[in-house]
Amino acid sequence: MLKKLVQSSFSPSAIRGSVHAIENIVLNCLPKWENATPIYTLQEMKKVAMISAFGDNPEQETQGIKCLYQKLEKGYNSMPLDFPGTPFHKAMKARKSLNERLRKLIEKRRRSGESGGGLLGILLKKQKLNEISDSQIADNIIGVIFAAHDTTASVLTWVLKYLHDNANVLEAVVREQDGIRRKLQHEDKRALTWDDTRHMLLTTRVIQETLRSASILSFTFREAVEDVEFQGYVIPKGWKVLPLFRTIHHSSDFFPQPEIFDPSRFEVPPKPNTYIPFGNGAHSCPGSELAKLEMLIFLHHLTTTYRFLRLRGNKTEATICSAR
Ligand code: HEM
């Protein structure tokens, strides 16, 4: 049931109404970039990518939760040495506090009778029917932040790099987005809508090609629940099988000249099971449409309003941004 709830909260029909909230986050974020040098792109993109869990919510608790998540993030990939001072220990502490904060937020929203936006709002509405516990809600929220945050931010960082390195593609994206902007201005300077994002065909292909080329999640895994025979091989029960997305996405059998960044290859849909940046089957990514929507809205405002320049540092990808 929880899986279905998560899926339904991020389905196209559920997120259609989020365009305005995402646009607000983007419009709040981008002006801060202007002439602020340098911008550490990945860190900034993470601010754009938090909407899925809570909706566009300025509550103080939500801000506190974001800070705690950042602490957790710093240590989750560290050596598991659990004593004071280690990144792992700090991450474990942050995970505990995160749970407590989320429970307080759940309690507060329950008392006020306002479920609020994002996945949290949907889970709280369901809780009114006594179908899920507070700890299930907290675990799912933390899981979704984890799944949504770095992934979307990292893809957006790669999009900027590819646009910067391929001036002709950037020019075409700017042309497409300027066209949409002119239309909005003609129509009483209205805000972006879901339908406008469906007309961002080239920008969508740029995102698709970035997902292929960068393959930021390079594999997933499945565990055999019983012995399986596949093409003469036996996969014993309990073994894990890892489909390597990056290898598939960089195979010249499916994507000619795979090393070239060429969004036009997506003018024709790829063959089934050759393009799986969001996985496949029962455990495929429920947030794929939301991630793409966030990226389209961000790219609309970035390309129609600003110019950006990539700085090559030792370790981090940074950008300078100025008004067009
Ligand atoms: C560009 C951004 C993203 C990429 C590339 C991405 C990719 C993936 C991939 C490859 C998987 C594993 C699929 C599999 O094993 O078959 C996955 C799972 C998942 N993703 Fe995403 N994801 C992104 C954004 C998001 C967002 C925005 C959300 C939430 C709104 C989200 C929520 C999840 C969840 C909950 C799972 C676990 C699904 C399950 O195990 O049943 N993801 N994602």
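Residues numbered from 1 in each chain as written. Predicted model: local features only at pLDDT ≥ 70, side-chain atom pairs only at ≥ 80, totals over all residues. Heavy atoms only, no water.

- Per an unreviewed UniProt entry, the recorded name for the protein is Abscisic acid 8'-hydroxylase, and the organism is Rehmannia glutinosa.
- Recorded in UniProt under Subcellular location (unreviewed entry), the annotation for the protein is "Membrane". (UniProt positions renumbered as here; feature names shortened; annotations may be inferred.)

## A look at the layout of surface pockets
In this approach a probe as big as a water molecule rolls over the atoms, and the regions it shows empty are the leftover space.
Then comes step 1: Volume-wise, the largest pocket comes out at about 1,400 Å³.
Then comes step 2: At the level of elements, helix 1 (2-9), helix 4 (41-48), helix 6 (60-75), helix 9 (134-165), helix 13 (245-249) and helix 14 (288-305) are the ones that each hand at least two residues to the lining of the largest pocket.
Then comes step 3: Element by element, the count of residues in the lining of the largest pocket is highest for helix 9, at eleven residues.
Then comes step 4: Class assignment for the residues of the lining of the largest pocket results in 24 nonpolar, 19 polar and seven charged. (1 Å grid on protein atoms, 1.4 Å probe; cavity = no way out; pocket = protein on both sides within 12 Å on 5 of 7 lines; lining within 4 Å. Points joined across faces, edges and corners; volume = space filled by probe spheres on them. Helix = DSSP H or I, 4+ residues; strand = E, 2+ residues; numbered from the N terminus. Nonpolar A, V, L, I, M, F, W, Y, C, P; charged D, E, K, R; others polar.)

## Section: the packing of helix 10 (residues 167-186) against helix 12 (residues 201-214)
A packed helix pair is summarised by two numbers, namely the angle formed by the two axes and the spacing between the axes.
Then comes step 1: Orientation of helix 10 relative to helix 12, taken along the N-to-C sense of each, is 140°, at an axis distance of 8 Å. Here helix 12 runs oblique to helix 10, going by the angle between their axes. Residues Val169, Ala172, Val173, Glu176 and Gln177 of helix 10 pack against Leu201, Leu202, Thr203 and Val206 of helix 12.
Then comes step 2: Residues belonging to the contact of helix 10 with helix 12 are distributed by class as follows: six nonpolar, two polar and one charged. (Axes fitted to C-alpha atoms, helices over the stretch in contact; angles between N-to-C directions. Parallel < 35°, antiparallel > 145°, perpendicular 65-115°, else oblique. Contact = heavy atoms within 4.5 Å.)

## A short note on the packing of aromatic side chains
Then comes step 1: Summed over the entire model, instances satisfying the criterion amount to seven aromatic pairs.
Then comes step 2: Ring centres 6.5 Å apart and planes at 70° place the aromatic pair phenylalanine 255 and tyrosine 275 in the edge-to-face group. Taken together, the positions of phenylalanine 255 in the loop between helix 13 and helix 14 and tyrosine 275 in the loop between helix 13 and helix 14 put the pair 20 residues apart, joining distant regions of the chain. For the pair formed by phenylalanine 255 and tyrosine 275, the shared burial category is buried.
Then comes step 3: The ring of tryptophan 194 carries the charged tip of arginine 198 above its face, separated from the ring centre by 3.9 Å.
Then comes step 4: One Lys or Arg, arginine 212, reaches over the ring of phenylalanine 255 and ends 5.5 Å from the middle of that ring. (Phe/Tyr/Trp six-rings, centres within 6.5 Å; stacked < 30°, edge-to-face > 60°. Buried < 20%, exposed > 50% of the residue type's maximum accessible area, 1.4 Å probe, protein only. Lys NZ or Arg CZ within 6 Å of the ring centre and 35° of its normal.)

## Details of the nonpolar core
Then comes step 1: Trp33, Phe298 and Leu302 are the most contacted members of the largest nonpolar core, which totals 70 residues.
Then comes step 2: Considering every element that reaches this core, the biggest residue donor is helix 9, with 13 residues. (Core = buried A, V, L, I, M, F, W, Y, C linked by side-chain atoms within 4.5 Å.)

## Let's talk about the side chain of glutamate 73
Then comes step 1: Structurally, glutamate 73 can be placed in helix 6.
Then comes step 2: On the accessibility criterion, glutamate 73 (14% relative accessible area) is buried.

## Notes on the environment of asparagine 35
Then comes step 1: With respect to the helices and strands, the residue asparagine 35 is situated in the loop between helix 3 (19-33) and strand 1 (39-40).
Then comes step 2: Spatially, the C-alpha atom of asparagine 35 lies 5.8 Å from that of cysteine 321, the residues being 286 residues apart in sequence.
Then comes step 3: With sequence-adjacent residues up to four places away left out, asparagine 35 is seen in contact with Cys321 and Ser322.

## Description of helix 1
Then comes step 1: For helix 1, the set of buried residues is Leu2, Leu5, Val6 and Ser9. In a view along the axis of helix 1, the buried residues occupy a sector of 95°, so they form one face of it.
Then comes step 2: Where helix 1 is buried, its residues contact helix 2 (12-15), helix 8 (118-127) and helix 9. (Arc of directions from axis to C-beta.)

## Brief notes about the state of the cysteines
Disulfides are covalent bonds that link the sulfur atoms of two cysteine residues.
Then comes step 1: Per the stated rule, a full pass over the model turns up zero disulfides.
Then comes step 2: Left unpaired, cysteine 67 is separated from the closest cysteine sulfur, that of cysteine 29, by 15 Å.
Then comes step 3: Exposure remark for cysteine 67: the relative accessible area of 45% places this residue in the partly exposed category. (Disulfide = S-S within 2.5 Å.)

## A look at unusual backbone geometry
Then comes step 1: Backbone geometry at lysine 189 places phi at a positive 50°, although glycine is not the residue there.
Then comes step 2: Tracing the backbone shows lysine 189 in the loop between helix 10 and helix 11 (194-198).
Then comes step 3: The phi dihedral of glutamine 257 falls on the positive side, at around 45°, and the residue is not glycine.
Then comes step 4: Tracing the backbone through its elements, the reader meets glutamine 257 in the loop between helix 13 and helix 14.
Then comes step 5: Classification of glutamine 257 by relative accessible area gives exposed; the value is 52%.

## Details of a nonpolar patch on the surface
Then comes step 1: Together, Phe219, Phe221, Leu242 and Leu244 make up a nonpolar patch on the protein surface, roughly 380 Å² of accessible area in all.
Then comes step 2: Among the structural elements, phenylalanine 219 can be located in the loop between helix 12 and strand 2 (222-223). (Patch = residues over 30% accessible without salt bridge, like charges linked within 9 Å, V, L, I, M, F, W, Y side chains within 5 Å. Areas by Shrake-Rupley, 256 points an atom, 1.4 Å probe, with all protein chains shown as cover. Salt bridge = Lys/Arg side-chain N within 4 Å of Asp/Glu carboxyl O.)

## A closer look at the site of the ligand
Then comes step 1: Surveying the vicinity of the ligand reveals 27 residues, the closest of which are Lys3, Thr220, Arg222, His283 and Cys285.
Then comes step 2: Between the ligand and threonine 220, the relevant distance is 2.6 Å, taken from an oxygen atom to a side-chain nitrogen or oxygen of the residue.
Then comes step 3: Residue asparagine 280 places a main-chain N or O atom 3.3 Å away from an oxygen atom belonging to the ligand.
Then comes step 4: Elements supplying a minimum of two residues to the shell around the ligand: helix 9 and helix 14.
Then comes step 5: Broken down by element, the shell around the ligand gets its largest block of residues, six residues, from helix 9.
Then comes step 6: Considering only residue class, the shell around the ligand consists of 16 nonpolar, nine polar and two charged. (Near = heavy atom within 4 Å. Polar contact = N/O pair within 3.5 Å; in protein donor to acceptor, adjacent residues only side chain to side chain.)

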